[in-house]
Amino acid sequence: MLKVRSGDLDKMGLLFQRYHRPLYGFLYHMTSQRESSEDMVQNVFYRMLRSRHTFTGEGEFKTWMYHLARNVLKDHFKKAGREGYSAPETEWEIRDDGILPGEQLEKKMELEMLLQRIASLSPESREVLVLSRYQDLKYAEIAAVLDISVGAVKVRVHRAINQLKTLYLQS
Amino acid sequence: MNSMNCEKRKELLAGWMDNQLTEAERAEMEAHLAICAECRQEMETNRRLWVSMGEVPVPAPSDKMQVRFDAMLETYRQEQTNRRPGLFFYLRQLFAVRPGFTWAYSLVLIVVGVGLGYFLNRPAGAGGGFGAGGDRGLASGGGADKQQLQTLSAQVHEMREMVLLALLENPSASERIRGVSYTSEIKAVNKNVVNALLSTLNNDPNNNVRLITLEALTHYAEDPLVREGLVQSILHQESPLMQAALADVMLKLQEKKAVRPLKELLQQKGLNEMVRTKIEQTLTRLI
């Protein structure tokens, strides 16, 4: 990343290749919207380019990336709020997987239900779960992204799992 | 089992599944799971949930993202090459890296501002208070204004030197390079700056920084102190790149004093062959 800062823009392409998928995954989990998530990935990388001089090399690149992503998300929700709430486009496109045997179909429905339940968690809980389960961040890294202590991260993850469990078992 | 303890441990369950616990926490957790049925059951439910979460399908981003990104990068690159970074850009970078500078600059500006106001309103000649001074000050203004302006520009100059010296101490090589490039904005360098630059030239771990410093110093070669320092630096340099660059500089300056250290350099074992040839050529043209 330090190389990008001193103007080597080609390195930015490398970073994009390495990180755009996980970043997309994070944004998708936070919004449940495909198109917007892609727009936001673009937006995050644009901000990185613009503000690469603020990246001092202290702390990890990943932390910085999620910081920017959270700001972009905040703007996104603010805008969405202004334009009226648009329901997450839960795309239950019936993919043509052929006819699934009963057991597999059941499994698939169960997982889609779980995805829906994750989406219905409070943003705060969803965020820690997504960061620890899907983005493979260490608690210390999550703490740096969210600007809270490692202890607080532990408590939040615990709480989030319990919430998800309650939601999931209800269904 | 103490339920209070269990509650505390349950907080660690997620970390246990996620492999985020320290060795000690992990051992304790596992020992506890072995004896506490309630926690074991909770762990099992959590674990199943955790595994299921891993199987949830997440759509992959579309391929057009890469295309969009490449287009954006290209546009940005063009914008950048069209716009030459000005002094403002460098200042902004400086502040971005060292937020402390913002305060320092503000403070200096305030002090300078107040100082200027005070000087302008002070009656010419000594004595007198603030109040009645204005008119008289203006009347006999000319010379005093000039003097104040000089003081002021001297202060600005001094500040630039301070920034330069601070940047030379920075652990990041690119910061130090920027520090060196500051010399182009300082008309006359004083002894402190020369010494700092010479010490960078001789001791900086980074080749690029030393090269840039050498280039900056050659601008002040008419100063005998700088000349002397450059000559002495010949034997300090171990990198072939620097040795060759110094030989070039000596040739350009037609510095006869360099002959002796260059010859000494030739005696050194393990001298790079290219450098050896270069120095031999330089010597023939110097003598």
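Residues numbered from 1 in each chain as written. Chains lettered and ligands numbered in written order. Predicted model: local features only at pLDDT ≥ 70, side-chain atom pairs only at ≥ 80, totals over all residues. Heavy atoms only, no water.

1. Considering the overall build of chain A
Here is the rule we go by: Secondary structure elements follow DSSP: runs of H or I no shorter than four residues count as helices, runs of E no shorter than two count as strands, and numbering proceeds from the N terminus. Burial classes follow relative accessibility: with a 1.4 Å probe on protein chains only, a residue under 20% of its type's maximum area counts as buried, one over 50% as exposed, and anything between as partly exposed. We call two residues in contact when some of their heavy atoms are within 4.5 Å. Here the accessible surface of atoms and residues is derived via Shrake-Rupley with a 1.4 Å probe, and residues count as covered only by protein chains that are part of the display.
When its secondary structure is counted, chain A shows 8 helices and 0 strands. Along the chain direction, N to C, the helices and strands of chain A fall in the order α-α-α-α-α-α-α-α. With 171 residues in all, chain A has 46% of them scored as buried. Relative to all contacts within chain A whose residues are 6 or more apart in sequence, the contacts with residues 24 or more apart total 67%. Entry remark: accessible area of chain A is about 8,900 Å², with carbon and sulfur atoms responsible for 51%.

2. Here's the deal with the overall build of chain B
A count of helices and strands for chain B gives 15 helices and 0 strands. Expressed as a percentage of the 287 residues in chain B, the buried residues total 37%. Counted over contacts in chain B with a minimum sequence separation of 6, partners at least 24 positions apart contribute 60%.

3. Some thoughts on the nonpolar core
Here is a general trend for soluble globular proteins: nonpolar side chains tend to be buried in one another's company. Stated precisely, the cut-off is as follows: To form a nonpolar core, buried Ala, Val, Leu, Ile, Met, Phe, Trp, Tyr and Cys residues must be joined to one another through side-chain atoms within 4.5 Å.
Phe26(A), Phe45(A) and Met48(A) are the most contacted members of the largest nonpolar core, which totals 69 residues. The element that contributes the greatest number of residues to this core is helix H2 (residues 10–31) of chain A, accounting for 10 residues. Setting aside anything within four residues of it in sequence, one finds Met48(A) in contact with Met12(A), Phe61(A), Trp64(A), Met65(A) and Leu68(A). Counting 41 residues, the second-largest nonpolar core is a separate cluster that includes Leu164(B), Val180(B), Ala216(B) and Ala258(B).

4. A closer look at the interface of chain B and chain A
Where interface size is quoted, it is often the accessible area lost as the parts come together. The line we're drawing: Summed over both partners, the accessible surface that disappears when two parts come together, traced with a 1.4 Å probe, is what is meant by buried area. Salt bridge, as used here, is a side-chain nitrogen of Lys or Arg placed within 4 Å of a carboxyl oxygen of Asp or Glu. Polar contact criterion, stated in full: a pair of N or O atoms within 3.5 Å, where within protein one must be able to donate a hydrogen and the other to accept it, and residues adjacent in sequence count only if both atoms are side-chain atoms.
The interface is formed by 43 residues belonging to chain B together with 45 residues belonging to chain A. Counting the surface lost from both chain B and chain A, the interface buries some 4,300 Å², and carbon and sulfur atoms represent 63% of this. Measuring nitrogen to oxygen at the nearest pair gives 3.9 Å for the salt bridge that ties Lys64(B) to Glu35(A). The interface formed by chain B and chain A includes 12 residue pairs in polar contact (both at pLDDT 80 or more).

5. A short note on the pattern of salt bridges
Applying the stated criterion across every chain yields a total of 21 salt bridges over all chains. Note that Arg156(A) is salt-bridged to Glu124(A), the shortest N-O span being 3.9 Å. Highlighted residues: Arg156(A) in helix H8 (residues 150–170) and Glu124(A) in helix H6 (residues 123–134), separated in sequence by 32 residues. Glu44(B) is the salt-bridge partner of Arg47(B), the closest N and O atoms lying 3.0 Å from each other.

6. A word on the packing of aromatic side chains
To be explicit about the condition: Ring pairs are drawn from Phe, Tyr and Trp, using the six-membered ring of Trp, whenever the two centres fall within 6.5 Å, and their geometry is named by plane angle: stacked under 30 degrees, edge-to-face over 60, tilted for the rest.
A full pass over the atoms with the stated rule returns 8 aromatic pairs over all chains. Relative to Phe45(A), the ring of Phe16(A) has its centre 5.0 Å away and its plane inclined at 70°; by these criteria the two rings are edge-to-face. Within this pair, whereas Phe16(A) is found in helix H2, its partner Phe45(A) is found in helix H3 (residues 34–50), the two being separated by 29 residues in sequence. Comparing Phe16(A) with Phe45(A) shows no difference in burial state: the two are buried. Measuring from centroid to centroid gives 4.0 Å for Phe16(A) and Phe69(B), while their planes differ by 5°, and the two rings are stacked. Of the two residues, Phe16(A) is situated in helix H2 and Phe69(B) in helix H4 (residues 64–82); the pairing between them involves two chains.

7. Notes on the packing of helix H10 (residues 191–203) of chain B against helix H11 (residues 207–218) of chain B
Residue and element names in this part refer to chain B. Condition: Lines fitted to the C-alpha atoms define the axes, with helices restricted to the stretch that makes contact. Angles between their N-to-C directions range from 0 to 180 degrees. Should an angle fall under 35 degrees it is called roughly parallel, over 145 degrees roughly antiparallel, and 65 to 115 degrees roughly perpendicular, with every other angle called oblique. For any helix crossing, the convention is left-handed if the near helix is rotated counterclockwise from the far helix by under a right angle, and right-handed if that rotation is clockwise. Gly falls in the polar group here, along with every residue not listed as nonpolar (Ala, Val, Leu, Ile, Met, Phe, Trp, Tyr, Cys, Pro) or charged (Asp, Glu, Lys, Arg).
At their nearest, the axes of H10 and H11 sit 8 Å apart, and the two run at 140° to each other. When the axes of H10 and H11 are compared, the pair comes out oblique. Where H10 crosses over H11, the two elements pack in a sense that is left-handed. Counted together, Leu197, Leu198, Thr200 and Leu201 of H10 and Val209, Arg210, Thr213, Leu214 and Leu217 of H11 form the full contact between these two elements. Considered class by class, the residues forming the contact of H10 with H11 number 6 nonpolar, 2 polar and 1 charged.

8. Notes on unusual backbone geometry
Where the residue is not glycine, phi is negative for most of them; where a peptide bond is considered, it is trans in most cases. Non-glycine residue Asp136(A) carries a positive phi angle of around 55°. For Asp136(A), a relative accessible area of 56% corresponds to the exposed category.

9. Here we look at the packing of H2(A) against H6(A)
All names here are of chain A. At a minimum axis distance of 10 Å, the contact between H2 and H6 shows a crossing angle of 150°. Between H2 and H6, the crossing angle belongs to the class labelled roughly antiparallel. Handedness of the H2/H6 crossing: right-handed. Contacts between H2 and H6 involve Phe26, His29, Met30 and Thr31 from the former and Pro123, Arg126, Glu127, Val130, Leu131 and Tyr134 from the latter. In terms of residue class, the contact of H2 with H6 is made up of 6 nonpolar, 2 polar and 2 charged.

10. Observations concerning helix H3 (residues 37–55) of chain B
Stated precisely, the cut-off is as follows: The span you would expect from a helix comes to 1.5 Å times its residue count less one.
Taking 1.5 Å as the rise per residue, H3(B) with 19 residues should run 27 Å; its terminal C-alpha atoms sit 27 Å apart, in good agreement. Within the span of H3(B), buried status applies to Cys39(B), Glu42(B), Met43(B), Asn46(B), Leu49(B), Trp50(B), Ser52(B) and Met53(B).

11. Description of the side chain of Glu175(B)
Residues and elements named next belong to chain B. Residue placement: Glu175 occurs in helix H9 (residues 173–181). With relative accessibility at 4%, the residue Glu175 sits in the buried group. Separated by 2.9 Å, the side chains of Glu175 and Arg178 make a polar contact.

12. Digging into the confidence of the model for chain B
Residue and element names in this part refer to chain B. Let me state the cut-off plainly: Confidence scores here are pLDDT values: one per residue, from the predictor, ranging 0 to 100.
Mean pLDDT over chain B works out to 81, with 85% of the residues at or above the 70 mark. Below a pLDDT of 50 lies the segment residues 126–139, which in the model reaches 10 contacts outside its immediate sequence neighbourhood of four places, other chains included. At the level of chain-chain contacts, confidence expressed as ipTM amounts to 0.80, with global pTM at 0.51.

13. Points about the environment of Asn71(A)
Structurally, Asn71(A) can be placed in helix H4 (residues 61–82). Sequence separation between Asn71(A) and Val44(A) is 27 residues, and the spatial gap between their C-alpha atoms is 8.8 Å.

14. Re the side chain of His29(A)
With respect to the helices, strands and loops of the structure, His29(A) is situated in helix H2. Setting aside residues up to four positions removed in sequence, His29(A) forms contacts with Leu115(A), Arg126(A), Val130(A), Tyr134(A) and Val58(B).

15. Some words on the confidence of the model for chain A
Per-residue confidence for chain A gives a mean pLDDT of 81; residues scoring 70 or more make up 81%. The lowest-confidence element of chain A is helix H1 (residues 2–5) of chain A, averaging 57 in pLDDT; the highest-confidence one is helix H7 (residues 139–146) of chain A, averaging 91.

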